[in-house]
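What follows is the residue order along each chain.
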Amino acid sequence: MNQSKKKRGWAFWGSGGVWLVFVIIIIVGAFLYAGWLGYKEAPMIVEVQESSPQLEDPYTLSSAQEEQLFTYGYPEAFTILFYEEETTSGGATPVRLETWEYYTQGIGLTFINGELTAEDVIEIDNVGSLDPLPYYPEQFSAFMSLEEVIAAAGIDSYVEIPLDKDFLEGGVSYFANSLTFGLKNDELLYIEALALTTD
């Protein structure tokens, strides 16, 4: 009698043990999958092995922009946004929105498709001296690929941060030396060159 009870007990533990192992495997698998997703979305430092040389600037400055260059020189910082705007006929037209900042001169310029649309006063105390940027607005054009941006800017290394798909599916932010830019599905949507302070 005691022997049969013992056998049933071992049979019960055997079946229960299988379920316990199965549950553990599921939990561990879930953690590994979550870790893999986290790794995919984590910042990555990328060293550029080699890039194609950029033979010519992909964008031609407008006459209004050339005039401002003659007056103020190249900007100490700039931001460029690329997007499409709906027309009255229901179509879409590309827009290049640029802001050029001259902190030491206290002025900011805004261009839409090369046309000067605004001049703003920049008020910053103790700007100090700024180094010239190694980048220029005409180096970048709409929907450039990552490879083209790297070649245009001469980037040696960068940090890559995928954006949450709920925020912008297919979007990735990149950070290089005094340069940030964003692509969606490998097409450039914005780029910002940050002012360089003298050490």
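Scope of this entry: the structure provided in the associated data block. Just so you know, these numbers come straight off a predicted model, no measurement behind them. (Residues numbered from 1 in each chain as written. Predicted model: local features only at pLDDT ≥ 70, side-chain atom pairs only at ≥ 80, totals over all residues. Heavy atoms only, no water.)

### Regarding the overall build of the protein chain
Inference 1: Along its length, the protein chain carries 4 helices and 11 strands.
Inference 2: Residue burial in the protein chain is summarised as follows: out of 199 residues, 30% are buried.
Inference 3: Carbon and sulfur atoms provide 57% of the accessible area of the protein chain, an area that totals close to 13,300 Å². (Helix = DSSP H or I, 4+ residues; strand = E, 2+ residues; numbered from the N terminus. Buried < 20%, exposed > 50% of the residue type's maximum accessible area, 1.4 Å probe, protein only. Areas by Shrake-Rupley, 256 points an atom, 1.4 Å probe, with all protein chains shown as cover.)

### Some words on the pairing of strand E5 (residues 115–121)
Inference 1: Bridge analysis of strand E4 (residues 107–112) against E5 gives 6 bridges, and the strand direction is antiparallel. Counterpart to Thr110 in the pairing with E5 is Ala118.
Inference 2: Hairpin connection of E4 to E5: 2 residues between the antiparallel strands, including Asn113 at a positive phi of 50°. (Pairing = 2+ DSSP bridges.)

### What about the pattern of salt bridges?
As a working rule, side chains carrying opposite charge can pair if their charged atoms are close by.
Inference 1: Applying the stated criterion to the full structure yields 1 salt bridge.
Inference 2: We note a salt bridge from Arg96 to Glu98, for which the minimum N-O separation is 2.7 Å. The pair Arg96 / Glu98 is uniform in exposure class, with both members buried. (Salt bridge = Lys/Arg side-chain N within 4 Å of Asp/Glu carboxyl O.)

### Structural notes on the packing of aromatic side chains
Inference 1: In this structure the tally under the stated criterion is 6 aromatic pairs.
Inference 2: A connected cluster of aromatic rings, assembled from ring pairs, spans Tyr158, Tyr174 and Phe181.
Inference 3: Here the basic side chain of Arg96 rests over the ring of Tyr59, its NZ or CZ set 3.5 Å away from the ring centre. (Phe/Tyr/Trp six-rings, centres within 6.5 Å; stacked < 30°, edge-to-face > 60°. Lys NZ or Arg CZ within 6 Å of the ring centre and 35° of its normal.)

### Concerning the environment of Leu133
Inference 1: Counting through the fold element by element, Leu133 comes out in the loop between strand E6 (130–131) and helix H3 (146–153).
Inference 2: The class of Leu133 is buried, set by a relative accessible area of 8%.
Inference 3: Placed 58 residues apart in sequence, Leu133 and Pro75 show a C-alpha to C-alpha distance of 7.9 Å.
Inference 4: Each residue touching Leu133, except ones within four places of it in the same chain, is listed here: Pro75, Glu76, Ala77, Phe78, Ser178, Ala193, Leu194 and Leu196. (Contact = heavy atoms within 4.5 Å.)

### Here's the deal with the pairing of strand E3 (residues 92–102)
Inference 1: Here strand E2 (residues 77–86) runs beside E3; their pairing, made up of 10 bridges, is antiparallel. Looking across to E3, one finds that Ile80 is bridged to Glu98.
Inference 2: Strand direction decides the pairing type here: E3 and E4, joined by 6 bridges, are antiparallel. Bridge assignment links Thr99 to a residue of E4, and that residue is Thr110.

### Let's talk about H3
Inference 1: In terms of burial, H3 is largely enclosed, as 6 of its 8 residues are buried.
Inference 2: If you check which residues of H3 are buried, you get Leu146, Val149, Ile150, Ala151, Ala152 and Ala153.
Inference 3: On the buried face of H3, the contacting elements are strand E7 (157–162), strand E8 (171–176), strand E9 (179–184) and strand E10 (187–193).
Inference 4: Downstream of H3 by one or two residues, Gly154 has phi in the positive range, about 65°.

### Thoughts on the environment of Glu115
Inference 1: Considering the arrangement of structural elements, one finds Glu115 in strand E5.
Inference 2: C-alpha separation for the pair Glu115 and Gln65, spaced 50 residues apart in sequence, amounts to 7.6 Å.

### Side note on the nonpolar core
Inference 1: Counting residues in each nonpolar core, the largest one holds 31 residues, and the members touching the most others are Phe140, Leu179, Phe181 and Leu188.
Inference 2: Put simply, the parts of the chain that give this core at least two residues each are E2, E3, E4, H3, E8, E9 and E10.
Inference 3: Element by element, the count of residues in this core is highest for H3, at 5 residues.
Inference 4: Apart from the residues within four sequence positions on either side, Leu188 is in contact with Phe82, Phe140, Ser141, Ala142, Phe143, Met144, Val149, Phe181, Gly182 and Leu183. (Core = buried A, V, L, I, M, F, W, Y, C linked by side-chain atoms within 4.5 Å.)

### Describing the side chain of Ser145
Inference 1: With respect to the helices, strands and loops of the structure, Ser145 is situated in the loop between E6 and H3.
Inference 2: On the accessibility criterion, Ser145 (16% relative accessible area) is buried.
Inference 3: The contacts of Ser145, once residues within four sequence positions are left out, are Leu183 and Asp186.

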